[in-house]
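# Topology and contacts: notes
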Amino acid sequence: MRRLLPLCLVCLSLCAGGPGSRARAPEVGERVTLRHDPGLSPGVRRALARLPDRVQAGLLVRDLNTGELLEAREADLSLIPASNVKLVTAASVLVDRGGAGGWWSTELTVPAAEVGRARVSHLTLRGDADPTLTGTDGPDSLRALARQVYARGVREASAVQVDEGGLDAATWKGLALGVPMTAVRLAEWHDRPPASAAEARARVGAALIRELRRAGVRVLSSTVTPAPAFLRYTPPPRTDERGRPLPPDPFIPVGHRPEEGVASVRSASPFHVLAATLRPSDNLLAEELLATLAVRPGGDGTLPGALARERAVLRRLNVDLTGVRLVDGSGLGRENRLTARALVGLLKVMHDLPYPVGSPVAEPPGRTSPAHRNAFSEALAQAGTGENVPAHDGRGGTLALRLRGSGLDVRAKTGTLPGVSSLTGYVTGRSGHTLAFALLMNGPEDTPILTLRAVQDGVVRALAEAH
């Protein structure tokens, strides 16, 4: 027989709340039902019994068709998640962009007084940290910007400037990768990123000047300078004949107008870069995605500001933040903390949001799961696809060689650091229902990672069989 809790403990659980609860005091006469997390099914219990000594594990499983919690073990344990942090980064960016139909943009501006002139004093490159911008390829490129400038009639620019006000580069130096984050960057830099914001400015400016000259625009100076800080125009106060205040004059003198755009490009759907981040677990792309949340004016330009926006997104999605700590976008920092409850809460709401992949970015026929068809879940690695590629850039990503021959539809994110292994995602159970699961494991740094992964795979198989 289950031992009853003492009355005082019951009251504490109702009024104070347990870990992650949003408890309130019950009203007089209100009927109160105590809810407890479920236990483990026999197969899952057997799989977890193979965990090495001194390894902590947090597990939570929810049926997304019924909403029922199915299995739990230490679901509120705050653990190092490793690359499972990328799930938070990707979800926050997808919500920030408004779904798979969103985009990032980059533009070139000229002083407002010089609009329409063939010769301008300078062209200024401004962006919102689009991680997909390229130098020469496609519609989202510096080459496309340069061609637009020529089409607008500009034939000569004295100089090129790069706006560096979107991000506060100094606040991003603490990232484990040591790569500066700038408001304008090129996808070609991935394998050889700049060492400083100044180098980034010089490299992107030089690439733009090459493309402008290629397009037929003469650029007199090859020196690339930072754009001056944007100064917002404040109209002088006005009063009527009786001295009463009037609304500001809507007319802005030309000399005080902000610069005006002469060319702009926008990225394709963020789905592509989310998949390129999550499937191979790309650390640099994850940090670049985090940086897009910081760009002014939507953010404050700083790393803490970006992390605060992530937490704000999680709160808006009603994710339990108890035990959650975020320090980067990639999960490389061992100071990050997540719980299985927070991750499953995020998986549930992202699965339910109306963010379809859409025909422009759909997978090839037969590769999109009818159980998902959602930009977030489809961006995850698919287990057991069999691609044996060192870069993990196939559909299977870091799960390509796991759970092969199982016949299971598993879309999930791995996470690995010394002594840390995580697996969080979706599996279709034998009932046909989609199960959201999170399994976080932390042990001594010499814990065999392959052993932890084998336990995770065993848990996933057992979950699918049990439900």
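As the structure is a prediction and not an experimental result, all values here were calculated from the model. (Residues numbered from 1 in each chain as written. Predicted model: local features only at pLDDT ≥ 70, side-chain atom pairs only at ≥ 80, totals over all residues. Heavy atoms only, no water.)

## As for the overall build of the protein
In terms of regular secondary structure, the protein is built from eleven helices and 16 strands. Sorting the 467 residues of the protein into buried and exposed places 51% on the buried side. Carbon and sulfur atoms make up 53% of the accessible area of the protein, which totals about 21900 Å². (Helix = DSSP H or I, 4+ residues; strand = E, 2+ residues; numbered from the N terminus. Buried < 20%, exposed > 50% of the residue type's maximum accessible area, 1.4 Å probe, protein only. Areas by Shrake-Rupley, 256 points an atom, 1.4 Å probe, with all protein chains shown as cover.)

## Notes on the sheet that holds strand E7 (residues 160–162)
Consider a sheet: its strands pair through backbone hydrogen bonds, and that pairing is either parallel or antiparallel. Read from one edge to the other, the open sheet built from five strands follows the order E9-E7-E5-E3-E12, with strand pairing classed as mixed. Each edge of the open sheet is held by one strand with a lone partner, namely strand E9 (224–226) and strand E12 (260–266). Averaged over neighbouring strand pairs, the angle between their axes works out to 25° when direction is ignored. In this structure, strand E3 (residues 105–110) lies alongside strand E5 (residues 123–127), joined through four bridges in antiparallel fashion. When the bridges of E5 are listed, Glu-107 appears paired with Arg-126. (Pairing = 2+ DSSP bridges. Axes fitted to C-alpha atoms, helices over the stretch in contact; angles between N-to-C directions.)

## Here we look at the sheet that holds strand E2 (residues 69–73)
Taken together, six strands build an open sheet; the order of strands is E2-E1-E16-E15-E14-E13 and the sheet is antiparallel. Two strands lie at the open edges of the sheet, namely E2 and strand E13 (381–382), each paired on one side alone. Strand direction decides the pairing type here: strand E14 (residues 410–417) and strand E15 (residues 420–428), joined by eight bridges, are antiparallel. Note on E15: the bridge partner recorded for Ala-412 is Gly-425. Running at roughly 20° to E15, helix H11 (residues 449–466) makes contact with strand E1 (56–63), E2, E14, E15 and strand E16 (434–442) of the sheet. (Contact = heavy atoms within 4.5 Å.)

## With respect to the environment of Val-120
When you line up the elements, Val-120 lands in strand E4 (residues 119–120). Overall, Val-120 belongs to the buried group, its relative accessible area being 5%. Between the C-alpha atoms of Val-120 and Arg-155, which are 35 residues apart in sequence, the distance is 8.4 Å. Ignoring sequence-local partners within four residues, the contact set of Val-120 consists of Val-110, Glu-114, Val-154, Glu-156, Ala-157 and Ser-158.

## Some words on the pairing of E14
Burial of E14 is extensive: seven of the eight residues sit out of reach of the surface. As judged from the two bridges shared by E13 and E14, these two strands associate in the antiparallel manner. Bridge pairing links Ala-381 to Ala-412 in E14. What sits between the antiparallel neighbours E14 and E15 is a turn of two residues, in which Gly-419 has the positive phi angle 80°.

## Here we look at the nonpolar core
Core analysis: the largest hydrophobic core is formed by 62 residues, its most contacted members being Trp-172, Leu-346, Met-350 and Phe-376. Broken down by secondary-structure element, the contributors of at least two residues to this core are helix H3 (85–96), helix H6 (270–278), helix H7 (283–292), helix H8 (303–316), helix H9 (340–352), helix H10 (375–378) and E16. Not counting residues within four places of it along the chain, the set of residues in contact with Leu-346 comprises Leu-87, Val-88, Ala-91, Leu-314, Leu-317 and Val-319. (Core = buried A, V, L, I, M, F, W, Y, C linked by side-chain atoms within 4.5 Å.)

## Structural notes on the packing of aromatic side chains
Scanning the model with the defined rule gives zero aromatic pairs in all. Lying across the ring of Tyr-150, Arg-155 places its NZ or CZ 3.6 Å from the centre. Here the basic side chain of Arg-266 rests over the ring of Trp-103, its NZ or CZ set 3.8 Å away from the ring centre. (Phe/Tyr/Trp six-rings, centres within 6.5 Å; stacked < 30°, edge-to-face > 60°. Lys NZ or Arg CZ within 6 Å of the ring centre and 35° of its normal.)

## A closer look at the pattern of salt bridges
Tallying each qualifying case throughout the model produces 20 salt bridges. Residue Arg-244 is joined to Asp-240 by a salt bridge in which the shortest nitrogen-to-oxygen separation is 3.0 Å. The class for Arg-244 is partly exposed, based on a relative accessible area of 44%. With a relative accessible area of 18%, Asp-240 lands in the buried category. Salt-bridge contacts for Asp-457 lead to Arg-402; the nearest nitrogen and oxygen are separated by 2.8 Å. (Salt bridge = Lys/Arg side-chain N within 4 Å of Asp/Glu carboxyl O.)

## Details of H6
Of all nine residues that make up H6, seven are buried, and the element is covered over most of its length. In this structure, the buried residues of H6 make contact with H3, H7, H10 and E14. Backbone nitrogen of Phe-271 and a side-chain oxygen of the N-cap are separated by 3.0 Å at the start of H6; the cap is Ser-269. (Polar contact = N/O pair within 3.5 Å; in protein donor to acceptor, adjacent residues only side chain to side chain.)

## Digging into unusual backbone geometry
The linkage connecting Arg-296 with the following residue, Pro-297, adopts the cis geometry, with an omega of 5°. With respect to the helices and strands, Pro-297 occurs in the loop between H7 and H8. Phi is positive for Asn-318, which is not a glycine, with a value near 65°. Along the polypeptide, Asn-318 turns up in the loop between H8 and H9. Phi angles above zero are rare outside glycine, and Leu-403 is one such case at about 60°. Along the chain, the position of Leu-403 falls in the loop between E13 and E14.

## A short note on H7
The buried fraction of H7 is high, at nine of ten residues. Every buried residue belonging to H7 is among Leu-284, Leu-285, Ala-286, Glu-287, Glu-288, Leu-289, Leu-290, Ala-291 and Thr-292, and all of these are buried. As for H7, its buried residues are in contact with H3, H6 and H8. Where H7 starts, the residue carrying a side-chain oxygen 3.1 Å from the main-chain nitrogen of Leu-284 turns out to be Asp-282.

## Comments concerning the packing of H3 against H7
Remark: H3 packs on H7, axes separated minimally by 9 Å, with the N-to-C direction vectors making an angle of 40°. On the basis of their axis angle, the class for H3 and H7 is oblique. Of the two elements, H3 crosses H7, and the hand of that crossing is left-handed. Contact residues: H3 offers Lys-86, Thr-89 and Val-93, while H7 offers Asn-283, Ala-286, Leu-289, Leu-290 and Thr-292. Here the residues of the contact of H3 with H7 are counted per class, giving four nonpolar, three polar and one charged. (Parallel < 35°, antiparallel > 145°, perpendicular 65-115°, else oblique. Left-handed = near helix turned anticlockwise from the far one by under 90°. Nonpolar A, V, L, I, M, F, W, Y, C, P; charged D, E, K, R; others polar.)

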